Amino acid sequence: MAQSVKGMRDLFGAELRWFQHIEETARRVFGRHGYGEIRTPILEELDVFKRSVGESSDIVNKEMYQFTDKGGREVVMRPENTAGVVRAAIQHKLLINADPVLLYYIGPQFRYERMQTGRYRQFYQIGAESFGVATPESEAESLLMLHSFLTELGLKHLVFSINSVGTPESRPAFHAAIRAFFAQRADQFCEDCHRRLQSNPLRVLDCKNVKCQQALEGHPILTDHLDEASARHHARLKALLTDLGIPFTEDPRLVRGLDYYTRTAFEVLSSDLGAQSALLGGGRYDGLVKQLGGPDVPAFGWAIGLDRLAMVLQQVRGEAPRQAPALLVPLGERAATEALKLARSLWEAGVALQLETRGGALKKALASANRLGIQTVLILGDGELETGTVAVKHMATGEQETWPLAEVTARLANS
RNA sequence: GCGGCUGUAGCUCAGUUGGUUAGAGUACUGGAUUGUGAUUCCAGAUGUCGCCGGUUCGAGCCCGGUCAGCCGCCCCA
């Protein structure tokens, strides 16, 4: 039997309904914040990711679906969407005037890696990016939007975990501090941390190894090594979040994996998710646009994984809500003709209705309705045709009533 | 990329030291009720035991390989 490629999966049924509900909620919430959608190609030139995500990261090193196309171009199936959005914004000159540019995206991303539950080689992300504003207020706006989004999806107990990773100018001083600290107790850290210390010293801070976390006791604090402007920025964001009543904690060990982050970095944790695993992450990336050949424009954004989010919603809220249409069941050939006509007028009036076209026994139709979760069944037989009515059975209660044909549209529209 | 585990009906799973025709629950189909579901009763159908090879008189069971999934690591969403 043919089956899907490793790490790729088909979405349908109950799980897809959560995806759709999440996407609808995102479009509604983001839209009212003034964000517009952008859809970028799945394929980008290799260079776009090398210059943004960072050559030292595993994403670029070993997790990209990368190949040479028939024209000899080195292309990559995007492993994340921020770089593509930035590339597009530069290419279409969206960032050349003073107005902020607010964009969101929804789409598949690809990483060639070992898979586990909730982690796929084709996965889906929703993200929002704000270009052109460097203020803490713009971050608060973005986080507020994110908070609405998650709250309207029914997630509770959200905690925003924030930190500041400083600027490219202030970071060398911190790197020196962390190296000095590390040197005093180098034997207590794992091999990976020794490697990280060379490639990306910040990442030593969020090693998952318990021993390393213990050894980090008393480590230098990023926010103690900020330049004055970054420190003010960080303090202002915290004050805003406090005023807005958005619960947050400061996590001095929070750093993000991608190279392009500056100042604010954050994650959202949900106790609904069980343990420590973050639901989403993001932050400020002021240098990225320029790095990719655009103007020197600040930016802030975040991305959330739909696969994981859908899984959490399934856990805390159960089955995705579904709107089952009514079912119209004709009995006999003459009724079948009339049923098509009736269904047509109902459809044209915007009523959600499924039509039984198999022509079998009524009990089969009712059994189907029961399986499909249909609440209302309209029955049209000879008796109803004579009197110009339909029999209406409510599946939940088993009760049945009679509606005049002329009232069917209005009554279904109200139910 | 590294380490461990699993794969039997649509789904959840049993299956003895290797032994005849591979089972249960659930779901499904038909009937009891030719115009009334979900409950009940009766009857029925259902499998390349993931795949390929090996050992054996004999393999769902043992061995090798392979594919897929799960868990941990790396990394991240």
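The structure displayed is predicted, hence computed values, not measured ones.

(A) Geometry of the side chain of Glu113. By the element assignment, Glu113 lies in the loop between β5 (101–110) and β6 (122–131). Beyond its immediate chain neighbours, meaning those up to four positions away, Glu113 contacts Glu63, Arg119 and Arg121.

(B) Representation of the sheet that holds strand β3 (residues 65–68) within the structure. Taken together, the three strands give an open sheet; going across it, the order is β2-β4-β3, and neighbouring strands pair in antiparallel fashion. Across the chains shown, the open sheet's two edge strands, defined by having one partner strand only, are β2 (43–45) and β3. With direction set aside, neighbouring strand axes in the sheet form an average angle of 35°. One ladder, built from four bridges, connects β3 with strand β4 (residues 74–77); its direction is antiparallel. Residue Gln66 lies in a different strand from β4, and its bridge partner there is Val76.

(C) View of the pattern of salt bridges. For the structure shown, the criterion picks out 20 salt bridges. Arg119 is the partner of Glu113 in a salt bridge, and the nearest nitrogen-oxygen pair spans 3.4 Å. Judged by relative accessible area, Glu113 falls into the buried class, the value being 17%. The salt bridge involving Asp286 is made with Arg284; its shortest N-O contact spans 2.8 Å. There is no split in this pair, since Asp286 and Arg284 are both buried.

(D) Inspection of the sheet that holds strand β13 (residues 353–355) at higher detail. With mixed pairing, the five strands of this open sheet are ordered in space as β13-β12-β14-β15-β16. The open sheet has two edge strands, β13 and β16 (400–404), and neither has a second partner. Averaged over all adjacent pairs, the angle separating strand axes in this sheet is 30°, with direction ignored. Note that strand β12 (residues 326–330) and strand β14 (residues 376–380) share four bridges and pair parallel. Counterpart to Leu327 in the pairing with β14 is Val377. Those strands touched by helix α12 (residues 333–348) are β12, β13, β14 and β15 (389–394), and its axis lies near 160° from that of β13. Along the sheet, helix α13 (residues 362–372) contacts β12, β13, β14 and β15; its crossing angle with β12, the most-contacted strand, is approximately 170°.

(E) Just the environment of Thr242, in detail. Here Thr242 shows up in helix α9 (residues 228–244). Classification of Thr242 as exposed rests on a relative accessible area of 53%. A sequence separation of 18 residues divides Thr242 from Tyr260, and the C-alpha atoms of the two residues are 27 Å apart. Polar side-chain contacts of Thr242 include one of 2.8 Å to the backbone oxygen of Lys238.

(F) Expanded view of the environment of His194. The topology assignment puts His194 in helix α7 (residues 191–199). Sequence spacing of His194 and Val204 is ten residues, and the spatial spacing of their C-alpha atoms is 8.2 Å. Discounting chain neighbours no more than four positions away, the residues touching His194 are Phe182, Ala186 and Phe189.

(G) Region of interest: the pairing of β15. Bridge count between β14 and β15: four bridges; the pairing is antiparallel. Across the sheet, the residue bridging to Ile379 is Ala391, located in β15. Judged from the five bridges that link them, β15 and β16 form a sheet pairing that is antiparallel. Residue pairing in the sheet places Val392 in a bridge with Glu401 of β16. Turn length for the β15-β16 hairpin, with the two strands adjacent in sequence and antiparallel, is five residues, and the turn residue Gly398 shows positive phi of about 80°.

(H) Structural view of the packing of helix α5 (residues 136–152) against α9. One way to put it is that α5 packs onto α9 with a least axis distance of 9 Å and a crossing angle of 40°. Classed by the angle they form, the pair α5 and α9 counts as oblique. The chirality of how α5 crosses α9 is right-handed. Two secondary-structure elements touch here, α5 through Pro136, Glu137, Glu139, Ala140, Leu143 and Leu144 and α9 through His233, Arg236, Leu237, Leu240, Leu241 and Leu244.

(I) Main features of the protein's contact with RNA strand B. Every one of the 41 residues lining RNA strand B counts as a neighbour, but Arg111, Thr117, Arg196, Arg203 and Met395 are closest to it. Atoms of RNA strand B within 4 Å of the protein belong to the sugar or the phosphate in 56% of instances, the rest to bases. At 2.7 Å from a phosphate oxygen of RNA strand B is found a side-chain nitrogen or oxygen belonging to Lys364. Within the side chain of Gln400, a nitrogen or oxygen atom sits 2.6 Å from a base oxygen of RNA strand B. Taken together, the elements giving at least two residues each to the surface near RNA strand B come down to β6, α7, α13 and α14 (382–387). Looking at which element gives the most residues to the surface near RNA strand B, the answer is α13, with seven residues. Of the residues belonging to the surface near RNA strand B, the class tally is twelve nonpolar, eleven polar and 18 charged.

Definitions and limits used
Residues numbered from 1 in each chain as written. Chains lettered and ligands numbered in written order. Predicted model: local features only at pLDDT ≥ 70, side-chain atom pairs only at ≥ 80, totals over all residues. Heavy atoms only, no water. Helix = DSSP H or I, 4+ residues; strand = E, 2+ residues; numbered from the N terminus. Contact = heavy atoms within 4.5 Å. Pairing = 2+ DSSP bridges. Axes fitted to C-alpha atoms, helices over the stretch in contact; angles between N-to-C directions. Salt bridge = Lys/Arg side-chain N within 4 Å of Asp/Glu carboxyl O. Buried < 20%, exposed > 50% of the residue type's maximum accessible area, 1.4 Å probe, protein only. Polar contact = N/O pair within 3.5 Å; in protein donor to acceptor, adjacent residues only side chain to side chain. Parallel < 35°, antiparallel > 145°, perpendicular 65-115°, else oblique. Left-handed = near helix turned anticlockwise from the far one by under 90°. Near = heavy atom within 4 Å. Nonpolar A, V, L, I, M, F, W, Y, C, P; charged D, E, K, R; others polar.

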